[in-house]
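# What the coordinates show
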Amino acid sequence: VLASLPLQMMLYFNVYYFPVWCLAEGMMLQLKYHLLPQHYQFLLVTAFLILSLAECSRLYLGYVGNLQEK
């Protein structure tokens, strides 16, 4: 069984686009943060952190798993 080239290409490009998404999302969060009620502020920051951590772990596990053929 060989590593999947299309999957590896998608992961490769996603690794480079993820920081751009993170920067854009962080800038939008900063711009609208003070306009929201406090409970929405908490939910928005929490969702941003969870999505960022999940995406980082997904990219790492996909990259390592595809290269090691797991």
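Residues numbered from 1 in each chain as written. Predicted model: local features only at pLDDT ≥ 70, side-chain atom pairs only at ≥ 80, totals over all residues. Heavy atoms only, no water.

Below, the discussion takes up the overall build of the protein chain. Looking only at helices and strands, one finds two helices and zero strands in the protein chain. Over its C-alpha atoms the protein chain spans a radius of gyration of 16 Å, topping by over 25% the 11 Å that the globule rule assigns to 70 residues. By its C-alpha atoms, the protein chain is 50 × 20 × 10 Å across when sized along the principal axes. The long-range fraction of contacts in the protein chain, counting pairs at least 24 apart against all pairs at least 6 apart in sequence, stands at 71%. Of the accessible surface of the protein chain, which amounts to about 5,800 Å², a share of 75% is contributed by carbon and sulfur atoms. (Helix = DSSP H or I, 4+ residues; strand = E, 2+ residues; numbered from the N terminus. Rg over C-alpha atoms; globule rule 2.2 N^0.38 Å. Contact = heavy atoms within 4.5 Å. Areas by Shrake-Rupley, 256 points an atom, 1.4 Å probe, with all protein chains shown as cover.)

On the surface, Leu 5, Met 9, Tyr 12, Phe 13, Val 15, Tyr 16, Tyr 17, Tyr 63 and Leu 67 cluster together into a nonpolar patch covering about 950 Å² of accessible area. Put simply, the parts of the chain that give the nonpolar patch at least two residues each are helix H1 (5-32) and helix H2 (38-67). For the nonpolar patch, the element with the highest residue contribution is H1, accounting for seven residues. Inspection of the secondary structure puts Tyr 16 in helix H1. (Patch = residues over 30% accessible without salt bridge, like charges linked within 9 Å, V, L, I, M, F, W, Y side chains within 5 Å. Salt bridge = Lys/Arg side-chain N within 4 Å of Asp/Glu carboxyl O.)

Before going further, it helps to examine the UniProt feature "transmembrane region" (unreviewed entry) in the protein chain. Within the UniProt annotation, "transmembrane region" (unreviewed entry) is assigned to residues 12-30 and 42-61. The span residues 12-30 is 100% helix and 0% strand, and its two end C-alpha atoms sit 28 Å from each other. With 100% helix and 0% strand, residues 42-61 has its two end C-alpha atoms placed 28 Å apart. (UniProt positions renumbered as here; feature names shortened; annotations may be inferred.)

Counted according to the given criterion, the structure contains four aromatic pairs. Considering the side-chain rings of Tyr 12 and Tyr 16, the 5.0 Å spacing of their centres and the 70 degrees angle between planes classify their relative orientation as edge-to-face. Of the two residues, Tyr 12 and Tyr 16 are both situated in helix H1; the distance of four residues between them amounts to about one turn of the helix. Accessibility expressed as a relative area gives 40% for Tyr 12, which makes it partly exposed. Among the aromatic side chains, those forming a connected cluster through ring pairs are Tyr 12, Phe 13 and Tyr 16. (Phe/Tyr/Trp six-rings, centres within 6.5 Å; stacked < 30°, edge-to-face > 60°. Buried < 20%, exposed > 50% of the residue type's maximum accessible area, 1.4 Å probe, protein only.)

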